Structure formats: C-alpha cells, structure tokens
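Topology and contacts: notes
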Amino acid sequence: MATLLDGRRLAAAIEQRLQTVIAAGRAAGVRPPGLAVLRVGDDPASGVYVANKEKACARIGIENLGAHLTGDTPAAAVLERIEALNADPRVDGILLQLPLPAGLEEGPLLAAIDPDKDADGLHTLNLGRLLKGEPGPRSCTPAGVMALLAEAGVALRGQRAVVVGRSILVGQPMALMLQAADATVSVAHSRTADLAALTRQADVLVVAAGRPGMVGAEHVRPGAVVVDVGIHRRPEGGLCGDVRFDEVEPIARAISPVPGGVGPMTVAMLLVNTVVSWASRHGLIHGLDDLLP
Ligand code: NAP
C-alpha cells in the first residue's frame, strides 16, 4: 500500500508556520501582509478558486486587497489597476486569476505585475530566476509538489524523474525544480512516442497533462512515487486527476490523491510567496527558504 502524499495536512502545517512568522512581524509593529487577487469576469471555476484563496488568507492573517472587475473591463483599466497595486505599499502579492474573459490578452497584463509582488511566480523574470537558481517567488503548483516530496522524505538526487506536461504553469517549472534537486529529468508531452515506456523508467513521476485518468498501472514502475497534478470535475460529480488512483495506488511507493493532494499545496505556496515578499520588504527573518525550491 502506497504512502499518501497528503496535501491537506501539509498545507495546514505550512499555514501554521506562516502564522508564526506573521505573528512575530506583527509583534514587532509591522503591518499585516497583503495579497491582491484580481478577478476579471465571472468564470465559474475561478469563483471557487478565488474564494479558496481568500479564505486561506483570512485564516492566517493576510489582508485581502483584491478586486473583482466586470467581464467588460477594458485592458487599459485592468492595467491601471495592476499598476495601482504595484504602487500600493500595503500589497505584497498580486495574482491575476486566469482565465481572463475573451478579448483580454493575458501576456501584457501578467508582464505588468511587479516581479517582486508576483505571488504566482509566473512572471517571465521569476521563471528566469528559477532557471538560473536565483532567489525569487516560485511557481506555486510545482513548488507545492516539491514540498510534498520533501515532506515524504523522497530523495531526488540521482533519481530518474519524468514530468508529463510541458506547460509554463506546471510542467516546465516542475522539470527545472526537480533538476535543481539533482534528479535526472525527462519531460513528456502530447507528441512523445511510447509514453508508457518513458514513464515506466521514472522513480518519481509527476503527471500534469490535463487528461482525466490518462495514467494507469501500465505507465508506472512498481515502487515509483506518483504525483497527480491534474484536476477534473467528473460528469457524475466529484473530482478526479490524471492518474487512475485505484490502479496505481497498489503498486506505487507513494501517491498524491485528488482531491487533497497538489490542490491545497498550490494555495499554500501562494501564501508562502506573499509572506516571504512581506518579510523581505520589512527586513524580517522568515525561515521559509526550504519552501522555495
Ligand atoms: P496544459 O496547459 O493544458 O498543458 C498540458 C500539457 O500536457 C501539455 O504540455 C500537453 O502537451 C501535455 N499533454 C496533453 N495530453 C498529453 C498526452 N496524451 N500525453 C502526454 N502529454 C500530454 O495544462 P496545465 O495548465 O499544465 O495543467 C495540467 C493539469 O493540471 C490540468 O488538469 C489542470 O487543471 C491541473 N492543474 C492543477 C493545479 C492544482 O493546483 N492542482 C494547478 C494547475 C493546474 P503539448 O504541450 O504537446 O500540448
């Protein structure tokens, strides 16, 4: 039976650490950390994600300085809002919730976010910092995966890691983080020939393909560690991942569930990026470097 990579439990433990850091700063007379989640339009899934992020902020004492703009807001007005948040001294983190309504181009708006307030860690400069091993906010989902692996004591040095997916949001930064931890990394994508032959070589397999139930027992070497990033709503209700959990769990050494695996870790890492930005701004020691791969 595989060890469960329990993201809910680890996210709760990280929130406790963050609360301690925030309490120390507040006791020293520093204002609370501030996160601005900027939502444009009414994408229903985004509504749930934004609410989860706002609740998490409230739980640990991060001030919510976000805004919800209507779907017909012109790009210039969204840009103006981002620039105001960049200049606002109460704001330590900014997150532009995607997807944006049709007609709004995300590239120029994401690029306008101050890289040091980039709570999502997806600004071009921050991806470059990750590539070069320089400090900076890290992409939340892959950083969350790294924390889950570390918590479970999964050694990466010299191990064979395979990442399925090459998106800028997940696959690419994931591969860079695993490589920085001295794993030997292969990245698979929709044009990879004989995916199962590649994934069966993995000691650590991270699946971020966005295809429900795509990975089964035939893709996994017995004893491998499997992390499922995918998240999908089942037509019959409930959530599932990219991995067929029931098939893979009996042969894996460790596996992350969906829900309750990577999802909560993504939110936790958003909070980490915000608190680290806040602490750095005020010259506070945060002790959170182990969470910034
Ligand atoms: P994405 O932008 O659609 O990228 C999917 C990647 O998977 C692409 O690189 C694609 O290859 C590859 N792929 C698709 N089908 C494949 C196949 N049959 N074999 C091998 N590779 C295949 O998706 P994403 O944003 O990275 O997200 C991936 C999944 O993670 C989604 O289910 C998303 O909802 C979920 N997600 C979860 C969280 C969380 O917090 N849990 C956060 C972010 C994303 P090509 O490049 O060749 O098209």
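Numbers given to residues run from 1 along each chain, matching the order in which its sequence is written. Where totals are concerned, whole chains, interfaces and linings use all residues; where local detail is concerned, this predicted model gives features only for residues with pLDDT of at least 70, and gives and counts side-chain atom pairs only at 80 or more. Neither water nor hydrogens contribute to the side-chain values; these are computed over all heavy atoms in the structure.

**Observations regarding the packing of helix 1 (residues 7-27) against helix 10 (residues 262-281)**
Operational definition: Axis geometry follows a simple rule: fit a line to the C-alpha atoms, using only the stretch in contact for helices, then measure angles between N-to-C directions, giving values from 0 to 180 degrees. Put simply, DSSP marks the helices as runs of H or I at least four residues long and the strands as runs of E at least two long, and each gets a number from the N terminus on. For classification purposes, angles smaller than 35 degrees are called roughly parallel, those larger than 145 roughly antiparallel, those between 65 and 115 roughly perpendicular, and all remaining angles oblique. Note: crossing handedness is left-handed where the near helix turns anticlockwise from the far helix by less than a right angle, and right-handed where it turns clockwise. For this analysis, residues touch if any pair of their heavy atoms sits within 4.5 Å.
Look at helix 1 against helix 10: their axes get within 9 Å of each other, and the N-to-C directions meet at 15 degrees. When the axis of helix 1 is compared with that of helix 10, the two are roughly parallel. The two elements helix 1 and helix 10 cross, and the hand of that crossing is left-handed. For the pair helix 1 and helix 10, contact is made by Gly7, Arg8, Leu10, Ala11, Ile14, Glu15, Leu18, Val21, Ile22 and Gly25 and by Pro264, Met265, Ala268, Met269, Leu271, Val272, Val275 and Trp278, respectively.

**Focus on empty space enclosed by the protein**
As a reminder of what qualifies: Two kinds of site are reported from a 1 Å grid over the protein atoms alone, namely cavities, where a 1.4 Å probe fits but cannot get out, and pockets, open sets with protein on both sides within 12 Å along at least five of seven lines, and residues are called lining when an atom falls within 4 Å of a point. Grid points are joined across faces, edges and corners, and a volume is the space filled by probe spheres set on the points. As a working rule, the residues Ala, Val, Leu, Ile, Met, Phe, Trp, Tyr, Cys and Pro are called nonpolar, Asp, Glu, Lys and Arg charged, and the rest polar, with Gly in that last group.
Evaluated as defined, the whole model comprises one cavity of 30 Å³ or more. Taken as a whole, the largest cavity spans an internal volume of roughly 90 Å³. Among the elements that take part in the lining of the largest cavity, strand 5 (residues 93-96) stands out by supplying three residues, more than any other. Per-class residue counts for the lining of the largest cavity are seven nonpolar, one polar and two charged.

**A word on the site of the ligand**
Using the following cut-off: Proximity is defined per residue: if any heavy atom of the residue lies within 4 Å of a molecule or strand, that residue is considered near it. Polar contact is defined as a pair of N or O atoms within 3.5 Å, subject to the rule that within protein one atom must be able to donate a hydrogen and the other to accept it, and that residues adjacent in sequence are counted only when both atoms are side-chain atoms. Residue exposure ignores everything except the shown protein chains as possible cover, and the areas themselves are Shrake-Rupley values with a 1.4 Å probe.
The full set close to the ligand counts 21 residues, and Arg166, Ser167, His189, Ser190 and Thr266 are the nearest of them. In this structure, a nitrogen atom belonging to the ligand sits 3.4 Å away from a main-chain N or O atom of His189. Between the ligand and the protein, one listed contact pairs an oxygen atom with a side-chain N or O atom of Thr266 at 2.7 Å. About the coverage of the ligand: the protein hides 71% of its 930 Å² of free accessible area. With three residues, the top contributor of residues to the shell around the ligand is helix 10. Residues that form the shell around the ligand fall into these classes: nine nonpolar, ten polar and two charged.

**Let's talk about the domain arrangement of the protein**
Filter applied, for reference: As used throughout, domain bounds are those supplied by an automatic or database domain assignment.
Its domain assignment divides the protein into domain 1 (30-114) and domain 2 (140-262). For domain 1 and domain 2, the distance between their C-alpha centroids amounts to 29 Å.

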